[in-house]
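Examining the three-dimensional arrangement
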Amino acid sequence: MTIMKKKILLLSLTIGLLTICNAQTENKEIKVKGVFSEIVVDKHNEAIKTIGEKDEKEKKQIIESIIKNPNDYNPPVLYALSRELFKQGDKDEATFWFYVAQLRARYNANLCMDNSAKQAVSVLNKEYGPDINKYAFQDIDKLEKIVNKVVSFVRLNNENYDNRWINLHGMWAVQAGLSDEPETRELSKPKVEWEAIKKKTIDDYYNGFIEYVKSQKK
């Protein structure tokens, strides 16, 4: 295995930089180049940072802004929101936003042409999911209602953020940062396919959940 294959992107991205680590856990920052530098994430990174800080006034303001305008924020922000709400004791609301984040992240992964970037979804789920999943699956009937609400929300709302955020977590972004050659590959699937991809992602997500619910009720 080459060293490049051993490298993965960390989810905590500094603005304009990709942080990678190799198998020996050595950190290296790589400047985002070309088309990857056009991906809009600064606002979202700042929101995540504010949610994680101790300034309660600023934290309250950004949480209110996200909940009021959820379609303007990418999935990593909604994941961070869910954890903060859970910590504050608003566990059902946290569960809702966690699964919205999860479903939208899956949709964005399905739009992404760089298969290596899709690992971001599982990384995010492992980072933010354990406590919320443990809580949610204690009451399957309540969870079923929440998931129905999640599916309806994602189905009826359009995303206003840059779906290419997930491309920053793949090897194409790393390779572009290490190369002097411009990235010429398409980062996302053709836009004419997006509606069908979104529908299939939602349907697969919902059907998978319903099958699980049925198995628990036998």
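Residues numbered from 1 in each chain as written. Predicted model: local features only at pLDDT ≥ 70, side-chain atom pairs only at ≥ 80, totals over all residues. Heavy atoms only, no water.

In this section: the packing of aromatic side chains. Centre-to-centre distance and the angle between the planes together describe a pair of aromatic rings. Enumeration over the complete set of coordinates arrives at 8 aromatic pairs. For the ring pair F86 and Y135, a centre distance of 6.0 Å and an interplane angle of 75° mean the geometry is edge-to-face. Here F86, found in helix 4 (residues 75–87), pairs with Y135, found in helix 6 (residues 119–136); they are 49 residues apart in sequence, far enough to count as distant. Residue Y135 is classed as partly exposed on the basis of its relative accessible area, which comes to 22%. Feature note: the residues Y79, F98, Y99 and Y128 constitute an aromatic cluster, connected by ring pairs. When the ring centre of W172 is taken as origin, the NZ or CZ atom of R185, which lies over that ring, is 4.0 Å away. (Phe/Tyr/Trp six-rings, centres within 6.5 Å; stacked < 30°, edge-to-face > 60°. Helix = DSSP H or I, 4+ residues; strand = E, 2+ residues; numbered from the N terminus. Buried < 20%, exposed > 50% of the residue type's maximum accessible area, 1.4 Å probe, protein only. Lys NZ or Arg CZ within 6 Å of the ring centre and 35° of its normal.)

This brings us to the packing of helix 3 (residues 56–68) against helix 4. In contact at an axis separation of 11 Å, helix 3 and helix 4 are set at 120° when each is read in the N-to-C sense. With respect to helix 4, the element helix 3 is oriented oblique. Relative to helix 4, the crossing made by helix 3 is left-handed. Between helix 3 and helix 4, the residues in contact are K59, I63, I66 and I67 and V77, L78, L81, E84 and L85, respectively. Residue classes in the contact of helix 3 with helix 4 are distributed as 7 nonpolar, no polar and 2 charged. (Axes fitted to C-alpha atoms, helices over the stretch in contact; angles between N-to-C directions. Parallel < 35°, antiparallel > 145°, perpendicular 65-115°, else oblique. Left-handed = near helix turned anticlockwise from the far one by under 90°. Contact = heavy atoms within 4.5 Å. Nonpolar A, V, L, I, M, F, W, Y, C, P; charged D, E, K, R; others polar.)

Attention now goes to the pattern of salt bridges. Where side chains of opposite charge bring their charged atoms close, a pairing between them can arise. Applying the stated criterion across every chain yields a total of 13 salt bridges. When salt bridges that share partners are traced, they join E56, K59 and E84 into one network. (Salt bridge = Lys/Arg side-chain N within 4 Å of Asp/Glu carboxyl O.)

In this structure, F36, I66, W97, V100, V150 and W165 are the most contacted members of the largest nonpolar core, which totals 56 residues. Among the elements of the structure, helix 2 (42–51), helix 3, helix 4, helix 5 (91–111), helix 6, helix 7 (140–156), helix 8 (171–178) and helix 9 (194–217) are those that each provide at least two residues to this core. Ignoring sequence-local partners within four residues, the contact set of W97 consists of I67, P70, L78, L81, S82, L85 and F153. (Core = buried A, V, L, I, M, F, W, Y, C linked by side-chain atoms within 4.5 Å.)

Once that is clear, we can look at the side chain of T50. Looking at the element boundaries, T50 is found in helix 2. Ignoring any residue separated from it by four or fewer positions in sequence, one finds T50 in contact with E58, K59 and I62.

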